[in-house]
Amino acid sequence: MHRALALAAAPGVPPGPNPRVGCVLLDSTGTTRSEGWHRGAGTPHAEVDALARAGEAARGATAVVTLEPCNHVGRTGPCSEALVAAGVARVVYAQSDPHAIAAGGAERLRAAGIDVEGAVLAEEASAINEAWTFAVTQGRPLVTWKVAATLDGRVAAADGTSRWITGEPSRAQVHDLRSDVDAIAVGTGTVLADDPHLTARDGAGGLQAWQPLRVVIGMSDVPPRSRVLDDAAPTIHLRTHDPAAALEELQAREVRHLLLEGGPTLAAAFLRAGVVDRVTWYVAPAILGAGHAAVADLGIATLARAIRLTEVRVDQVGADARIRGRVEGA
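Bear in mind the structure is a predicted one, so any value in this text is a computation, not a measurement.

Caption draft 1: The sheet that holds strand β11 (residues 257-260), seen in detail. Pairing within the open sheet is mixed, and its eight strands lie in the order β10-β9-β8-β11-β6-β12-β15-β14. For this open sheet the edge positions go to β10 (235-238) and β14 (309-317), each flanked by a neighbour on one side alone. For this sheet, the mean inter-axis angle between neighbouring strands, taken without regard to orientation, is 20 degrees. Two strands pair when backbone bridges link them, and strand β12 (residues 278-283) and strand β15 (residues 320-327) are joined in this way by six bridges, in the antiparallel orientation.

This is the structure we're talking about:
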């Protein structure tokens, strides 16, 4: 299973909308017959990939897979049927499929006389697909709020300047974070004030292979020459101030993980709505004393009602500090 998990986490696979899955086929002595992994929506699932590589050697094999084989017809056929047709003798899987439509593969395999064992390294498998699991069970994308601020919580100076608060190592990490989500959201105010590009770039300044959907939220028009409207990545404009409505639209577009990068107004709206799940906060060793705060008024008048983080991790990135955690109760 450890090898199947490594395959599931193989680099170069788009973050969504499908789960990341790895599969290893073993013979009766435990020797690997073939391996496979899912490379993104529309491509063969991990089990089908491994079965194709094994050919007739799949008959009588044990399939070790990180996610319960699916049992529905989507962009591809059901993996449960493919395993039955290939004549595998045993299936061992890690995470049960939480998707209401795709679940039921284990029962289908057992009904065909195949020995099935589940929940092997299930937590490790779930961690690889945290955003996907959240989205299919909660009915909305997982939301990570990314902030870059000074020690006194300012995201821009009094004159509006905000480049660059944090150092190059932090900014490089943010580009990698962008490449690991399905969509990035900012408000129309940020577009008008900063004209951000919202792309994921590599160390040489070029575009990374995967570019998330750029999402602009708000009622104001976006100027036609805005960098967010170029052809470097797809962009949508959601004319709403309601985070729930925005997330409903993004869920319909199969966005599993949304990176919230907007200014204080958009951040406050999502926090007030209770739909921020994770926080990644970069703190620069600088003090401004005035300027734009990281978040607008949340209506919190007492410390007892403060929004707090759990499972907090703190590390140093260049001269900056990075604080990561889950929003309590999320």
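Here the narrative resumes, following the displayed structure.
Caption draft 2: Summary view of the sheet that holds strand β4 (residues 90-95). Across the sheet, five strands lie side by side as β2-β1-β3-β4-β5; this open sheet has mixed pairing. Of all strands in the sheet, those bounded by a partner on one side alone are β2 (32-37) and β5 (115-117). Geometrically, the sheet is characterised by an average inter-axis angle of 15 degrees between neighbouring strands, direction not taken into account. Here β4 runs beside β5; their pairing, made up of three bridges, is parallel. Bridge pairing links V91 to V116 in β5.

Caption draft 3: Fine view of the environment of R39. Along the polypeptide, R39 turns up in the loop between β2 and α2 (46-54). Exposure remark for R39: the relative accessible area of 33% places this residue in the partly exposed category. Not counting chain neighbours up to four residues away, the residues in contact with R39 comprise V13, P14, P44, D49 and R53. One polar contact links the side chain of R39 to the main-chain carbonyl oxygen of W37, over a distance of 3.0 Å.

Caption draft 4: Region of the structure containing the nonpolar core. In terms of nonpolar packing, the biggest core is built from 26 residues, with W145, V215, L250, L258, L260, F270 and V276 touching the most fellow members. Once you skip the residues sitting within four places of it in the chain, F270 turns out to touch V143, I217, P243, L247, L258, L260, V275 and V276. Membership of the second largest hydrophobic core comes to 22 residues, among which are V21, V65, A106 and L109.

Caption draft 5: Geometry of unusual backbone geometry. Residue P17 follows G16 across a cis peptide bond; omega there is 5 degrees. The step from R163 to W164 runs through a cis peptide bond, and the omega angle for that step is -5 degrees. In this structure, W164 sits in the loop between β7 (154-156) and α7 (168-178). Residues other than glycine seldom take positive phi values, yet D195 does so here, at roughly 50 degrees. As for its position among the elements, D195 is in the loop between α8 (188-194) and β9 (213-217).

Caption draft 6: Looking closely at the packing of aromatic side chains. Applying the stated rule across the entire model yields one aromatic pair. Between W145 and W281, the aromatic rings sit 5.5 Å apart at their centres with planes inclined by 75 degrees, giving edge-to-face as the arrangement. Taken together, the residues W145 in strand β6 (residues 142-149) and W281 in strand β12 connect sequence positions 136 residues apart. Take W145: its relative accessible area is 5%, and that puts it in the buried class. Residue classification places W281 among the partly exposed positions, given a relative accessible area of 21%. Across from the ring centre of W37, 3.8 Å away, lies the NZ or CZ of R39, which sits over that ring.

How each quantity is defined
Here the residue index of a chain counts from 1 through its sequence in written order. For this predicted model, a pLDDT threshold of at least 70 governs which residues receive local features, and a threshold of 80 or more governs which side-chain atom pairs are given and counted, while totals over whole chains, interfaces and linings are taken from all residues. Neither water nor hydrogens contribute to the side-chain values; these are computed over all heavy atoms in the structure. For two strands to be treated as a pair, DSSP must find no fewer than two bridges joining them. The helix count covers DSSP runs of H or I at least four residues long, the strand count covers runs of E at least two residues long, and both are numbered beginning at the N terminus. Interaxial angles span 0 to 180 degrees and are taken between N-to-C directions of axes, which are lines fitted to C-alpha atoms, for helices over the stretch in contact. Burial classes: relative accessible area under 20% of the type maximum marks a residue as buried, over 50% as exposed, and values in between as partly exposed (1.4 Å probe, protein chains only). Contacts are residue-level and defined by heavy atoms, with any inter-residue pair within 4.5 Å sufficient. Two N or O atoms form a polar contact when they lie within 3.5 Å of each other; inside protein one atom must be a possible hydrogen donor and the other a possible acceptor, and for residues adjacent in sequence the pair counts only when both atoms belong to side chains. Among the buried residues, those of types Ala, Val, Leu, Ile, Met, Phe, Trp, Tyr and Cys that are joined through side-chain atoms within 4.5 Å form a nonpolar core. When the centres of two rings from Phe, Tyr and Trp lie within 6.5 Å, Trp using its six-membered ring, the rings pair. Their planes under 30 degrees apart give stacked, over 60 give edge-to-face, and anything left gives tilted. Sitting over a ring, as applied to charges here, requires NZ of Lys or CZ of Arg to be within 6 Å of the ring centre and within 35 degrees of the ring normal.

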